[in-house]
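Summary of the model geometry
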Amino acid sequence: MRQTIDAALFQRMVIHAAAAINLQKQPINDLNVFPVPDGDTGTNMSLTISAAGAEMKKKSFDTVGQAASAAASALLRGARGNSGVILSLLFRGLAKAVKEKDTVDGRDFAIALDFGVAAAYKAVMKPAEGTILTVSRMAAAKAAEKAREENSVEAVLEAAIAQGKETLADTINMNPVLKKAGVVDAGGKGFIVILEGMLAELRGEPMPEVTEDSGEEESSVFSEMADEEITFAFDTVFIVRKKDPDVNLDPFRKYLNSIGDSLVIGEDDEAFKVHVHTNTPGDALNESQKYGILELAKIENMVTQRDDLAAGRKAQSTDDLEAVEKELENRPVHAAPEKKFGYVAVCAGEGLEAVFRDLGVDALVGGGQTMNPSTEDILKAVEATPAEIVYVLPNNKNIIMAAEQCVPLCEDKKVVVLPTKTVPQGISAMLCADPDAGEEDNTAAMTEAFARVRTDEITYAARDSDFGGFAIKQGDYMALTEHQLFGTDTDLNSLLEQLAKAESEKGAEFVSIFYGEDVTEEQAQQAQAIFAAACPDAEISLLPGGQPVYYYMISVE
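Read on for a plain summary of the structure.

Cut-off values and rules
Residues numbered from 1 in each chain as written. Predicted model: local features only at pLDDT ≥ 70, side-chain atom pairs only at ≥ 80, totals over all residues. Heavy atoms only, no water. Pairing = 2+ DSSP bridges. Helix = DSSP H or I, 4+ residues; strand = E, 2+ residues; numbered from the N terminus. Axes fitted to C-alpha atoms, helices over the stretch in contact; angles between N-to-C directions. Salt bridge = Lys/Arg side-chain N within 4 Å of Asp/Glu carboxyl O. 1 Å grid on protein atoms, 1.4 Å probe; cavity = no way out; pocket = protein on both sides within 12 Å on 5 of 7 lines; lining within 4 Å. Points joined across faces, edges and corners; volume = space filled by probe spheres on them. Nonpolar A, V, L, I, M, F, W, Y, C, P; charged D, E, K, R; others polar.

This part takes up the sheet that holds strand β17 (residues 539-544). Across the sheet, which stays open at both edges, the 6 strands sit in the order β15-β14-β11-β18-β16-β17 with mixed pairing between neighbours. The open sheet has two edge strands with one neighbour each: β15 (484-489) and β17. Neighbouring strand axes in the sheet, compared pairwise and without regard to direction, differ in orientation by 20° on average. Pairing geometry for strand β11 (residues 454-460) and strand β14 (residues 477-481), over 5 bridges, is antiparallel. The partner of threonine 459 across the bridge, within β14, is methionine 478.

Side chains carrying opposite charge are able to pair once their charged atoms draw close together. Counting across every chain of the model gives 20 salt bridges. Across the pair arginine 357 and glutamate 353 runs a salt bridge, and its minimum N-O distance is 3.7 Å. Separated by 4 residues within a single helix, arginine 357 and glutamate 353 lie in helix α14 (residues 350-358), roughly one turn from each other. Ionic pairing is found between arginine 452 and glutamate 557, a salt bridge with its closest N-O pair at 3.8 Å. With arginine 452 in the loop between α19 (439-451) and β11 and glutamate 557 in the segment after β18 (552-556), this pair connects stretches of sequence that are 105 residues apart. Linked through salt bridges whose partners overlap, the residues forming this network are Lys146, Glu149 and Glu150.

Further remarks concern empty space enclosed by the protein. One pass over the full model with this rule turns up 2 cavities of 30 Å³ or more. Counted as a void, the largest cavity has a volume near 150 Å³. Considering the residues around the largest cavity, the lining is formed by 19 residues, among which Gly368, Gln369, Val423, Tyr550 and Met553 are closest to the centre. Residues of the lining of the largest cavity, tallied by class, amount to 9 nonpolar, 8 polar and 2 charged.

Read these as spatial facts, not as claims about activity.
Quick look at the structure:
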């Protein structure tokens, strides 16, 4: 039995866990009980811990505490969906427990699991039984019991997994929705897979082979500049070791902006890295030495590179700092405040994006049902918004938690998350945004506005199911009102008529219909006519949303 783990082993355990859940993410996705096609729990958890796995591959750590802290930070910034956020909180608590530990034994690991559970429960307002929270709590309790008998990290982890599996099997009886669907909790399953991956590495078992997406081929920006004038010729990248960890780089930023553009500065406690386009790279390097010791630099002439490419030749390039340059260019932009209020909205679909832009949204984050953005995705948009106070509109109940994690992470802006659960709620909130109001008044007005909105959605059933007394067949059209199943039908217009009559009985005054990417304009006009006939006193609007998954999103007031 392995008694302890050190930093290097902990790193491999995280990497192994990420590989393990990546292989099983689809079966976990398939555990979703509600027949709307939102099977993304496995994907979200896989992407979340993969962020930590990538961080663990970058460098070595001297202590378990250091490694765990780095993993927790990466998990939080890469968290996607509620399941991903909860997973990140479990690791955040674990990291806190082992912060000062060089190595970890069985008792330490059991305590760390308990700290993780406490952190996750603290963040969830209304914990539900039969979820990842229940599975992790019972696993941690068993781990503590085993640690009192045998101070072996391997034995403790084995006991936690065994109890976790037993609890997972029982989640079907803890939650009525799970019981009706005949499945166990997807998040709980994902957590067990992660623990099993960690145990497998502890035992020295081979790591699963994971085929990584190659991604888009890197394309040189210079080919796009062939017919453009290059104002600043030298692409300059350099690293400076700080003289003082608390050095203020704002004056240096202002200076570099005065002699160039495309400026990005990334920093940590020890060093800062600069990327800038300028005609006087020597001046930039000389000025940098006021703030530290210049360690490494790369300067490339973009004019000659452009000319080489235009002539069909391979552009000359310096390869020493390509990895650093890529890292810098991928860092979020930190926009200085230029106004009081700014707005970030999550949505999918060109039409919906256009509506939010017209209403004054500064930054849009792609996402919604089945494609939850991460905390880092939202944070980048917040940091790029030039405002003192940035409102975030998640527009999906499964994105709210990820958005809320941005509040403590954003240091130079105040982040206000309005818990909008649908796109129509977000649009209604933006219609009442007042740039001249005080923060409290603006927040109150936007909150009151989206609370008045009733949202209807029409999608399709991903699988056969029995839900809420409805026998649902795969491929049926489904109507949802406020995320509750309204009805199903094999005919889309028939379902629209039922929905329109119900809204008429509720006294609908304003109806906005956003039609999705799979709906033609002619079909959308039929939907508008159906609502106009059923709700003669209501004002009916029809707009192209272009959203995936949902044929129609309908805002009713």
